[in-house]
Amino acid sequence: MAKQRKLNQNMYAQIFVMLTREPCTTHDLVEETGIHLVTAQRLMRCFKRYQLVHICAWEKDVKGRDCTQVYKFGNGKDKPRYRMSDAERTQRYRNKKKMIALTNVLHCEA
């Protein structure tokens, strides 16, 4: 694990340069600057409160859920998280049950 560094004027400048160049996540900031993840998240929340950044996208985790915000420099409208509807959730559950039943039938025949 890399040595964590304290936040100073140079770090702030480096973070602003990163944000103006391209949208980035807090994980990108951590990799580039070496600050702690919680520090980067708090900093982005503070920037967001003062409308210096906005959420332009979400990165998905392995299960397909929106979990990591992608920040972009400038005041803009935040992109909302994707919310699965009740119908989609029910359909997914039923398909999963069918696949399990089919798998059980195939295993019993073999």
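Structure: see above.
Parameters at a glance
Residues numbered from 1 in each chain as written. Predicted model: local features only at pLDDT ≥ 70, side-chain atom pairs only at ≥ 80, totals over all residues. Heavy atoms only, no water. Helix = DSSP H or I, 4+ residues; strand = E, 2+ residues; numbered from the N terminus. Salt bridge = Lys/Arg side-chain N within 4 Å of Asp/Glu carboxyl O. Buried < 20%, exposed > 50% of the residue type's maximum accessible area, 1.4 Å probe, protein only. Core = buried A, V, L, I, M, F, W, Y, C linked by side-chain atoms within 4.5 Å. Contact = heavy atoms within 4.5 Å.

**Quick look at the environment of V17**
Working step 1: In this fold, V17 is placed in helix α1 (residues 9–21).
Working step 2: It is 9.6 Å that separates the C-alpha atoms of V17 and F73, two residues lying 56 residues apart in sequence.

**Focus on unusual backbone geometry**
With the exception of glycine, most residues fall at negative phi, and the peptide bonds are largely trans.
Working step 1: The phi dihedral of Q51 falls on the positive side, at around 55°, and the residue is not glycine.
Working step 2: Along the chain, Q51 falls in the loop between α3 (37–49) and β1 (53–60).

**Here's the deal with the pattern of salt bridges**
Working step 1: The full count for this structure, using the stated rule, is four salt bridges.
Working step 2: The partner of K60 in a salt bridge is D66, with the nearest N and O atoms 2.8 Å apart.
Working step 3: For D66, a relative accessible area of 9% translates into the label buried.
Working step 4: For the salt bridge of R89 with D86, the shortest nitrogen-to-oxygen distance reads 3.0 Å. Taken together, the residues span about one helical turn, with R89 and D86 both in helix α4 (residues 86–109) at a distance of three residues.
Working step 5: The class for R89 is partly exposed, based on a relative accessible area of 38%.

**Topic: the nonpolar core**
Working step 1: I15, L19, L29, M44, F47 and Y71 are the most contacted members of the largest nonpolar core, which has 15 residues in total.
Working step 2: Contributions of two or more residues to this core are made by α1, α3 and β1.
Working step 3: Apart from residues no more than four positions distant in its own chain, L19 is found in contact with C24, M44, F47, V53, Y71 and F73.

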